[in-house]
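Each chain is listed here by its residues.
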Amino acid sequence: MFTSSRQDYVPKFLQFGSSTFPPKTSKPKTLLSGNLATVPAVTPQTMTCRNGSRVHTSDASTPIRGRKRPCEQTTTNVKRQRFHSHHSETTVVNQAVPLPEERRYSFPASIQSPLLNARYLPGFTGYVLPLQDRIETTLPVAKDKLSQQVLEIFHACQQQICDLNRKELCRTELQKEIQQIFPQSRLFLVGSSLNGFGTRTSDADLCLVVKEEPVNQKTEARHILSLVQTLFNTKLSGYIERPQLIRAKVPIVKFRDKVSCVEFDLNVNNIVGIRNTFLLRTYAQNVFILLAVENRVRPLALVIKKWAHVHEINDASRGTLNSYSLILMVLHYLQTLPEPVLPSLQKNYPESFDPTMQLHLVHQAPCTIPPYHSKNGSSLGDLLIGFFKYYATEFDWSHQLISVREAKAIPRPDGIEWRNKFICVEEPFDGTNTARAVHEKQKFDRIRCEFMQSWQLLRDKKDLNYILPLRAAIQKR
């Protein structure tokens, strides 16, 4: 626990010379043999606050009422209560998956840090920063009202480094606790928190990797998640709130971290989520526009996510589109323009996005792909109108499949994954349908109707407020 006598906390990804992996343990490496009986019980502890008063904590869950999201914090002044831990280690975002001793690597290798203005060298541990690449990107200049509105929402709602810090601090401490049950496991932060398309209110996705081989999601993954859920309900109940085991195709434990006030979804060995995180990250940052480094991809995608949320078509649990499918739809549209804004990275650089690549190498892709030179000079407003027009009038929902991998709409395969599906969005690595949650015609018709109405309104009014009220979107950032 933190006390007032501690020095100001320095985020662990800024600490050099630390060990990437925890001390060797004498526990067996059979990862699925974890037993909560080995985890000691939590006893009430005392912590000292900044004002000198002493409060007691226990493993009893305390409801949080009227708690606001933590305000922005500077990098060197982020503080949180730690989970009780029996050893101290410096961890980093998304460390390498444990490999045999001779094959362990630091993660990542070489990244320019805008916080320290120094380069992390191979051999040091580091931190995957949110879209700070070797070339400083800028946002486009808005020359019309609609483009200015898109940028206004993007500036207000995009995920900040302090938001990522809160998620990373929770991941770090959870990894320590879970490693007491599965010593060789690693916990990865994935999804919108790292791929460049996150907002200030985005939930965080975690992938617990227990081994590099596939895990049976119906049996092994559920067993592991049940142990994790029990850990959250017992030893960590003072910090973790509402842990729920969701028995989906890819089962997850949903929970809320009381300290950061962030909602998390934790899965087991859903490796494709790690791969597509860095694929989307590369799409989000590596675009040259007319020889100037501008970024229209992220503002466009963020506004469309906000639009879908406001129109209540962004919830897979209710039979509509998940955020991942929406982002793939945006990328696909930008690839299919007469003058593409984006290429197919998987076709142009197959070796960098090989679906069989070992996980400790996956993070290098955004650092090795050269920027794409696009001659498309369309404004953000024109691209937004074009997005809605494409899916309202041009895309053939009945016979075509959205493929970012191929950078085009392709005929639907005659497989069970695609048969009798209303919306088909291909996952770039494993080829599954990311929009399979849309299984009711009523929901599909509603989604199509929203695209049509939004296109017509934007075409005629050229004002984002008609489909996405700015004030409400920014207040709910």
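An account of the accompanying structure is given in this report. (Residues numbered from 1 in each chain as written. Predicted model: local features only at pLDDT ≥ 70, side-chain atom pairs only at ≥ 80, totals over all residues. Heavy atoms only, no water.)

### Describing helix H7 (residues 323-335)
An α-helical segment advances 3.6 residues per turn. Residues three or four places apart therefore align on the same side.
Moving on, step 1. Taking 1.5 Å of rise per residue, 13 residues should cover 18 Å, and H7 covers 19 Å from first to last C-alpha, within 8% of that figure.
Moving on, step 2. When you tally the buried positions in H7, you get twelve out of 13 residues, the bulk of the element.
Moving on, step 3. Among all positions of H7, only Tyr 324, Ser 325, Leu 326, Ile 327, Leu 328, Met 329, Val 330, Leu 331, His 332, Tyr 333, Leu 334 and Gln 335 are buried.
Moving on, step 4. Contact partners of the buried residues in H7: helix H5 (271-285), helix H6 (297-310), helix H11 (380-394), strand S12 (400-403), strand S13 (408-411) and helix H12 (441-461). (Helix = DSSP H or I, 4+ residues; strand = E, 2+ residues; numbered from the N terminus. Expected span 1.5 Å × (residues − 1). Buried < 20%, exposed > 50% of the residue type's maximum accessible area, 1.4 Å probe, protein only. Contact = heavy atoms within 4.5 Å.)

### What about the nonpolar core?
Moving on, step 1. Of all hydrophobic cores here, the largest spans 67 residues; its most connected members are Met 329, Leu 334, Leu 384, Tyr 391 and Leu 464.
Moving on, step 2. Those residues in contact with Leu 384 that sit more than four places away from it in its chain are Leu 146, Val 150, Leu 300, Val 303, Ile 304, Leu 458 and Leu 464.
Moving on, step 3. Judged by nonpolar contacts, the second largest core, of 30 residues, contains Ile 181, Ala 204, Phe 232 and Ile 240. (Core = buried A, V, L, I, M, F, W, Y, C linked by side-chain atoms within 4.5 Å.)

### Overview of the side chain of Arg 275
Moving on, step 1. As for its placement among the helices and strands, Arg 275 is situated in helix H5.
Moving on, step 2. At 6.3 Å, Glu 212 is the nearest oppositely charged side chain to Arg 275, a buried residue that forms no salt bridge.
Moving on, step 3. In this structure, Arg 275 is in contact with Asp 354, Pro 355, Thr 356, Met 357, Leu 359, Val 362 and Phe 429, ignoring residues within four places of it in sequence. (Lys, Arg positive; Asp, Glu negative; His and termini not counted. Salt bridge = Lys/Arg side-chain N within 4 Å of Asp/Glu carboxyl O.)

### With respect to the environment of Leu 300
Moving on, step 1. By the secondary structure assignment, Leu 300 is in helix H6.
Moving on, step 2. A sequence separation of 87 residues divides Leu 300 from Phe 387, and the C-alpha atoms of the two residues are 9.3 Å apart.
Moving on, step 3. Aside from chain neighbours lying at most four places away, what touches Leu 300 is Val 150, Val 330, Leu 334, Leu 380, Leu 383 and Leu 384.

### Considerations on the environment of Asn 376
Moving on, step 1. Tracing the sequence through the fold places Asn 376 in the loop between strand S11 (372-374) and H11.
Moving on, step 2. Owing to a relative accessible area of 7%, Asn 376 belongs among the buried residues under this scheme.
Moving on, step 3. Each C-alpha atom of the pair Asn 376 and Glu 339 lies 5.5 Å from the other, and the pair is 37 residues apart in sequence.
Moving on, step 4. A polar contact of 2.7 Å, which involves the side chain of Asn 376, links it to the backbone oxygen of Glu 339. (Polar contact = N/O pair within 3.5 Å; in protein donor to acceptor, adjacent residues only side chain to side chain.)

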